[in-house]
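# Observations on chain architecture
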Amino acid sequence: MFEWPIKVQASSRPALVQIFEPFFSTKPDGRGTGLGLSIVRDIVQAHGGSLQVTSVLGEGSTFRMCLPLAETEANENAATSRHE
C-alpha cells in the first residue's frame, strides 16, 4: 500500500462523521458543492484503497489516502522467473 498524508489547515474542526457525505460542506452557502471529498473517497475505494481523516482543533486536518501498489509487467515476469 502507498500512503499519502495531506495536511489541511482549518479554523474549526469539521463534523468528521459527515465529512465524506455528498453535499456536506463547511463553507458558507454558495461556496462549493460539498462533492469533492465524496468523489475522492469513491474513486480511491474503486481502486481498492481507503481514505481516512484525523483532525486536531487549531492544527488542521490530515487526510491519509492508501492505495495498493500496482504490479508492473516487468515485476511479474521477474517474480515468475525466480519461482521457475
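### Quick notes on the overall build of the chain
Looking only at helices and strands, one finds 2 helices and 3 strands in the chain. Along the chain, from the amino end to the carboxyl end, the secondary structure elements read β-α-β-β-α. Within the span of the chain, comprising 84 residues, buried residues form 19% of the whole. Pairs at least 24 residues apart make up 49% of the contacts formed inside the chain by residues separated by at least 6 positions. Taken as a whole, the chain presents about 6,400 Å² of accessible surface, with 56% of it coming from carbon and sulfur.

### A short note on the pairing of strand 2 (residues 50-56)
Alternating positions in strand 2 separate cleanly, Leu51, Val53 and Ser55 being buried on one face and Ser50, Gln52, Thr54 and Val56 remaining unburied on the opposite face. Relative to strand 3 (residues 60-67), strand 2 is paired through 7 bridges, and the arrangement is antiparallel. Bridge pairing links threonine 54 to threonine 62 in strand 3. Between strand 2 and strand 3, which follow one another and run antiparallel, lie 3 residues, and glycine 58 among them has a positive phi close to 85°.

### Notes on the nonpolar core
Counting 7 residues, the largest nonpolar core is built from Ile19, Phe20, Val44, Leu51, Val53, Phe63 and Met65. Secondary-structure elements contributing two or more residues to this core are strand 2 and strand 3.

### Let's talk about the pattern of salt bridges
On inspection of all chains with the given rule, the structure shows 1 salt bridge. For aspartate 42, the salt bridge identified is with arginine 41, shortest N-O distance 3.3 Å. We classify aspartate 42 as partly exposed; its relative accessible area is 40%.

### A short note on the environment of isoleucine 39
Of note, isoleucine 39 is situated in helix 1 (residues 36-46). Sequence separation of isoleucine 39 and phenylalanine 20 is 19 residues, and the distance between their C-alpha atoms is 8.4 Å.

### Observations concerning unusual backbone geometry
Its identity is not glycine, yet phenylalanine 23 carries a phi of approximately 75°, on the positive side. Note on phenylalanine 23: relative accessible area 62%, which makes it exposed.

### Section: the environment of phenylalanine 23
Note on placement: phenylalanine 23 falls in the loop between strand 1 (2-8) and helix 1. The sequence separation of phenylalanine 23 and leucine 37 amounts to 14 residues, and the corresponding C-alpha distance is 9.5 Å. Among residues more than four places away in sequence, those in contact with phenylalanine 23 are Thr33, Gly34 and Leu35.

### Let's talk about the side chain of serine 38
Tracing the backbone through its elements, the reader meets serine 38 in helix 1. On the basis of relative accessible area, serine 38 is assigned to the buried category, the value being 5%. Contact partners of serine 38, with chain neighbours within four places excluded, come to Phe20, Glu21 and Pro22.

Parameters and conventions
Residues numbered from 1 in each chain as written. Predicted model: local features only at pLDDT ≥ 70, side-chain atom pairs only at ≥ 80, totals over all residues. Heavy atoms only, no water. Helix = DSSP H or I, 4+ residues; strand = E, 2+ residues; numbered from the N terminus. Buried < 20%, exposed > 50% of the residue type's maximum accessible area, 1.4 Å probe, protein only. Contact = heavy atoms within 4.5 Å. Areas by Shrake-Rupley, 256 points an atom, 1.4 Å probe, with all protein chains shown as cover. Pairing = 2+ DSSP bridges. Core = buried A, V, L, I, M, F, W, Y, C linked by side-chain atoms within 4.5 Å. Salt bridge = Lys/Arg side-chain N within 4 Å of Asp/Glu carboxyl O.

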